[in-house]
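Per-entry structural report
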Amino acid sequence: MPSAPAYKRVFALCDANSFYASCEKVFRPELEGRPIVVLSNNDGCVVAQSKEAKALLEIYMCRPWFELKKEAMKLGTVVFSSNYELYANMSNRFMATLKQFAPRQEVYSIDESFLDMTGIHRNLTQYGQEIKATVRQWTGLPICVGFGPSKTLSKLANHCAKKQSHWNGVCDFTSLEETELNPMLAKLPVSKVWGVGSRLEAKLNKLGVDTVLKLKRANCKRIRDEFGVVLERTIKELNGEVWLELDEIIPETQQVMSSRSFGARVNNLADLEQAISFHATNASERLRKHGLFASGVLVFIQNSTYDQAEYYGGSRMVALPSPTDCTLQINHAAQWLLKKIFKEGVYYQKAGVMLMDLVPQGGQQTDLFGYSSKVTKASNLMVAVDSINKKYARSTIKLGSEGTDKAWAMRRGFKSPNYTGDWNELPTVG
């Protein structure tokens, strides 16, 4: 019986354009064509911008908002605070839409996904346009699609699709001969290769490797001796060999942290207790989402290194009697730690909770003193709490120690409604 044919490997990288800004425009179509910027926590720095903002303002990432606010407002720039709930929901819709176009998918980041197109007998440029149009229709997000015989080349193809308008958002490297592809790679700086950061770029430039094509043609043995096996594999990927497979299984998390800068400085224990309760709850929810239990809790508080006062950064960790995913038990430990590290007279800027030494749900070790039986009862309670919060809204049920008047809460003065995650903030017509 003849064996199944071995198909040539093909990968696609689908990437949403200016993701945060595009999410904001989905529910505000009148913003189409206008410059948009999205700010970081506490409305401090620019973390995302639309193509119109990039063209008009020439903003480098993480530039403080106060430095360019005056100029941006003159140009009619629309500013938003980061709306993480909206972006997460839109990302889930984006990934779910892509999933139908290939048998295997790797969610690489909030706005990027690899698809395995091996064995799909279609004109890939046309198929890419179909993917692009479907995502636009179903989610409202503009995307670009790059095809290549390896993940590294598909990522480069996606870059070309974004930067060269004649590709109309879709670039297929698999359809190009070497004589067509190599001149394109010769125009791309080596920094455009996936995994080549600024430090590695500087070292490669010293060796005369300043373009993608030169890296592709570099001597593998010399590169391995100088930089290691990872860059050697990158060169092989640039030459069409597959060394990076799709990662369909999300790696097990090693630690979970919830941390945020305060909207206003905090100098009293009561406000810090509320903040730590919030972070303990947030970290515990994420822990349960991954099906993990924590064996240790760490709490930290700190003021700013730029304060005139002496810097203070207090942190302390405690091991739990038995692994748990219960918000009540984790918060109890976190509050105990907070009291140990709190220092009077400090104006704190940031606090956080980290859950450590994580184990799978079925992998926790029982104890001899009944603590693990309490964990089982607490886990049942957490299932009920998570179900209610999922059905209605986040924090429908929460710890009383989180408080109601959160003077320490993150400042988001330009936040848009949570159109996709709160019944009270659904868009209305008329």
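Residues numbered from 1 in each chain as written. Predicted model: local features only at pLDDT ≥ 70, side-chain atom pairs only at ≥ 80, totals over all residues. Heavy atoms only, no water.

Thoughts on the sheet that holds strand E4 (residues 78-81)
Keep this limit in mind: At least two DSSP bridges between two strands are required for those strands to pair. Secondary structure elements are defined from DSSP: runs of H or I of at least 4 residues count as helices, runs of E of at least 2 residues count as strands, and each element is numbered from the N terminus. Axes here mean lines fitted to C-alpha atoms, for a helix over just the part in contact, with angles spanning 0 to 180 degrees between N-to-C directions. Any two residues whose heavy atoms approach within 4.5 Å are treated as being in contact.
Spatial strand order, E3-E2-E4: 3 strands in an open sheet with mixed pairing. Here the strands that pair on one side only, and so sit at the sheet edges, are strand E3 (46-49) and E4. The mean inter-strand angle of the sheet, taken between neighbouring strand axes irrespective of direction, is 30°. Note: strand E2 (residues 36-39) against E3, 3 bridges, orientation antiparallel. Looking at the pairing, Leu 39 lines up with Val 46 of E3. On the sheet, helix H1 (residues 19-26) packs against E2, E3 and E4 and is oriented at approximately 110° with respect to E2.

Section: the nonpolar core
Heads up, the condition is: Residues belong to a common nonpolar core when they are buried Ala, Val, Leu, Ile, Met, Phe, Trp, Tyr or Cys residues joined through side-chain atoms within 4.5 Å. Categorising residues by exposure relies on relative accessible area from a 1.4 Å probe, with only protein chains included: less than 20% of the type maximum marks a residue as buried, more than 50% marks it as exposed, and the intermediate range marks it as partly exposed.
Counting residues in each nonpolar core, the largest one holds 33 residues, and the members touching the most others are Phe 94, Met 117 and Ile 131. When contributions to this core are tallied by element, the ones reaching two or more residues are strand E1 (11-16), H1, E2, E4, helix H4 (84-98), helix H5 (124-139) and strand E7 (143-148). Looking at this core element by element, the count peaks at 6 residues for H4. Ignoring sequence-local partners within four residues, the contact set of Ile 131 consists of Cys 14, Leu 98, Phe 101, Met 117, Ile 143 and Val 145. By size, the runner-up hydrophobic cluster in this structure holds 29 residues, among which are Val 256, Phe 262, Leu 320 and Ala 333.

Points about the side chain of Asn 83
In this structure, Asn 83 sits in the loop between E4 and H4. In contact with Asn 83, other than residues within four places in its own chain, are Glu 24, Arg 412, Lys 415, Ser 416, Pro 417 and Asn 418.

Description of a nonpolar patch on the surface
Condition: Like-charged residues are merged into a patch within 9 Å and nonpolar side chains (Val, Leu, Ile, Met, Phe, Trp, Tyr) within 5 Å, provided each residue has over 30% relative accessible area and no salt bridge. All accessible-area figures derive from a Shrake-Rupley calculation using a 1.4 Å probe, and residue coverage is judged against the displayed protein chains alone. Salt bridges are counted wherever a side-chain nitrogen of Lys or Arg sits within 4 Å of a carboxyl oxygen of Asp or Glu.
A cluster of nonpolar side chains, contributed by Ile 388, Tyr 392 and Ile 397, occupies part of the molecular surface with about 260 Å² of accessible area. Within the secondary structure, Tyr 392 is located in the segment after helix H14 (371-391).

Comments concerning the packing of aromatic side chains
Rules: Centres within 6.5 Å are what make two rings of Phe, Tyr or Trp a pair, Trp counting through its six-membered ring; a difference in plane orientation under 30 degrees is then read as stacked, over 60 as edge-to-face, and the rest as tilted. Ring-over charges, as used throughout, are those where CZ of Arg or NZ of Lys falls within 6 Å of the ring centre and within 35 degrees of the ring normal.
Scanning all chains against the criterion turns up 9 aromatic pairs. Their ring planes at 20° and their centres at 4.5 Å tell us that Phe 27 and Tyr 419 sit as a pair that is stacked. Taken together, the residues Phe 27 in the loop between H1 and E2 and Tyr 419 in the segment after H14 connect sequence positions 392 residues apart. We classify Phe 27 as partly exposed; its relative accessible area is 22%. Between Lys 151 and the ring centre of Phe 114, over which it is positioned, the NZ or CZ distance is 4.7 Å.

Taken by themselves, the reported measurements are silent on function.
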